[in-house]
Amino acid sequence: MIPLAQSFSFSTPHGRTLVCYSDTVRLPQLPEKGRVDALYVCDEHTLPLLRQAEYFSAQVPLVVLPAGDEAKNLDTLALIAEKAAEYGLDRHACFIAFGGGVVCDITALAASLYMRGVQCILVPTTVLAMADASIGGKTAVNLSGYKNLIGTFYAASSIILCFPVLSSLPEAEYRSGLAEILKTAALYDTELYQMFLTRHDEIIRRDSTCLSLMIRRAAEAKALVVERDFTEQGERAFLNFGHTFGHALESLSHFSIPHGDAVAWGISRALAVGLRMQLTDKDYATSLIKILNCYNWCTNPVYFNRQLNGSSFADEIIARMKKDKKNRDGMIRLVLQEDILKTQVREVDTSIIREVLI
């Protein structure tokens, strides 16, 4: 793919991933003549936009997934592979994802497995996917109610960030992405962190200049981490800040709570754990909680009061946290912060976790 005027790249064990910024909604340009070895994957919500995108080709076979996290399963994964096989796509094919985090995740996983690996290009259409999910090669589907249980590390060859698609993004999706940007800011970028404090009104009204800058900073910060630690043997685990609590909440809610909302709540709980362990600076925790509240993310210990088959909210969350992939030897491992930019992974006893969930 020809790089656009504004782009950057980062390296992975699979080669270099090119990230392009675009002020139009576009797809990678494919050959106009001859056999087209490609497959589009989108969902019901992004299908109309895909068909209107620059360089869309009606010759390319298309898989349309149901919208939402429930589509992130093994049946959908098989559907993509079966469609590719039906059209005779070979190992030189390219799978092109056009959608949010679910579409990007499952398309990249299918690309990593089809004929032991074909090229993958991602065109993310949500803030979350642009700033976080599409950057770095994590692919996965959910299984038996557990988040991202089956997956691979497989880097896309190219990622195209088309900022105009964000103007029509539903509010819940927009907020979900903001939470991931805030997480990256707390981990790696003080200027980005300050934007949440000083440019609240611009962020809320989706000022295009402000939003594109935030996404670029978050994407480039994550890319540097991925370049240093692609398979999450060390530093990349920091990007799970808020996610152990968050994934447990998503699972408990049967994925009815948006990912970013769950992560924002998870960040508040991780800060509470850090304070109880006398690890997290009180002023920093107060500052970050203030931001979470300012953007109307839940910071209460108990996210909801529902009937949970006789179990407490804390019991249900902890049971799911015990299934987290980052755990070792039966101990729950959490990403905690001492201060902004100062992060570590610690084993935490369930008694402390319970204290921040009641």
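These remarks concern the structure in this document. (Residues numbered from 1 in each chain as written. Predicted model: local features only at pLDDT ≥ 70, side-chain atom pairs only at ≥ 80, totals over all residues. Heavy atoms only, no water.)

1. Brief notes about the packing of aromatic side chains
Counted according to the given criterion, the structure contains 14 aromatic pairs. With a centroid separation of 5.5 Å and 40° between ring planes, the pair formed by F95 and Y114 is classed as tilted. Taken together, the residues F95 in strand 5 (residues 94-99) and Y114 in the loop between helix 3 (101-113) and strand 6 (119-124) connect sequence positions 19 residues apart. When its relative accessible area of 0% is taken as the criterion, F95 is described as buried. (Phe/Tyr/Trp six-rings, centres within 6.5 Å; stacked < 30°, edge-to-face > 60°. Helix = DSSP H or I, 4+ residues; strand = E, 2+ residues; numbered from the N terminus. Buried < 20%, exposed > 50% of the residue type's maximum accessible area, 1.4 Å probe, protein only.)

2. Considerations on the sheet that holds strand 2 (residues 15-22)
Pairing is mixed across the open sheet formed by seven strands, whose spatial order is 1-2-9-6-5-3-4. Either end of the sheet is taken by a strand with one partner, and the two such strands are strand 1 (7-12) and strand 4 (62-65). Pairs of neighbouring strands in the sheet enclose a mean axial angle of 15°, with direction left out of account. Relative to strand 2, strand 1 is paired through six bridges, and the arrangement is antiparallel. Residue S11 lies in a different strand from strand 2, and its bridge partner there is R16. Helix 2 (residues 74-86) rests against strand 3 (38-43), strand 4 and strand 5 of the sheet, and its axis sits at about 165° to strand 4. Relative to the sheet, helix 8 (residues 208-228) contacts strand 1, strand 2 and strand 9 (158-162), its axis offset from that of strand 1 by approximately 20°. (Pairing = 2+ DSSP bridges. Axes fitted to C-alpha atoms, helices over the stretch in contact; angles between N-to-C directions. Contact = heavy atoms within 4.5 Å.)

3. Side note on a nonpolar patch on the surface
Nonpolar side chains collect at one region of the surface, where L74, L149 and I150 lie side by side and expose about 220 Å² of accessible area between them. Tracing the sequence through the fold places L149 in strand 8 (residues 146-153). (Patch = residues over 30% accessible without salt bridge, like charges linked within 9 Å, V, L, I, M, F, W, Y side chains within 5 Å. Areas by Shrake-Rupley, 256 points an atom, 1.4 Å probe, with all protein chains shown as cover. Salt bridge = Lys/Arg side-chain N within 4 Å of Asp/Glu carboxyl O.)

4. Describing the pairing of strand 10 (residues 332-339)
Burial analysis of strand 10 places six of its eight residues in the buried class, the great majority of the element. Here strand 10 runs beside strand 11 (residues 342-348); their pairing, made up of seven bridges, is antiparallel. Looking at strand 11, one finds that L334 is bridged to R346. In this structure, the hairpin formed by strand 10 and strand 11 is closed by a connection of two residues, where L341 is found at a positive phi of approximately 70°.

5. Let's talk about the state of the cysteines
Enumeration over the complete set of coordinates arrives at zero disulfides. Cysteine C20 is unpaired, with the sulfur of C162 as its nearest cysteine sulfur at 9.4 Å. Using a relative accessible area of 0% as the deciding quantity, one classes C20 as buried. C294 carries a free sulfur, and the closest cysteine sulfur to it, the one in C210, is 13 Å from it. Given the relative accessible area of 40%, C294 is considered partly exposed. (Disulfide = S-S within 2.5 Å.)

6. Here's the deal with the packing of helix 6 (residues 190-198) against helix 8
Taken N-terminus to C-terminus, the directions of helix 6 and helix 8 make an angle of 145°; their axes are 10 Å apart at the nearest point. As helix 6 runs across helix 8, the sense of the crossing is left-handed. Across from E191, L192, M195 and F196 in helix 6, the residues of helix 8 making contact are C210, L213, M214, R217 and A218. When the residues that make up the contact of helix 6 with helix 8 are grouped by side-chain class, the tally is seven nonpolar, no polar and two charged. (Left-handed = near helix turned anticlockwise from the far one by under 90°. Nonpolar A, V, L, I, M, F, W, Y, C, P; charged D, E, K, R; others polar.)

7. Re helix 12 (residues 313-321)
An α-helix turns once per 3.6 residues; consequently, residues spaced three or four apart project the same way. Listing the buried residues of helix 12 in full gives F313, A314, E316, I317, I318 and M321. The inward-facing, buried residues of helix 12 contact helix 9 (243-252), helix 10 (259-276), strand 10 and helix 13 (350-355).

8. Brief notes about the pattern of salt bridges
Within this structure, the stated rule accounts for 18 salt bridges. Residue D105 is joined to K72 by a salt bridge in which the shortest nitrogen-to-oxygen separation is 2.7 Å. Residue D105 is located in helix 3, and its partner K72 is located in the loop between strand 4 and helix 2; the two are separated by 33 residues in the primary sequence. Pair check on accessibility: D105 and K72 agree, each one buried. Across the pair E202 and R199 runs a salt bridge whose closest N-O atoms are separated by 2.9 Å. Among the charged side chains, a network of salt bridges with common partners joins D132, E180, K183 and K222.

Everything listed here is a matter of coordinates, which is why it stays silent on function.
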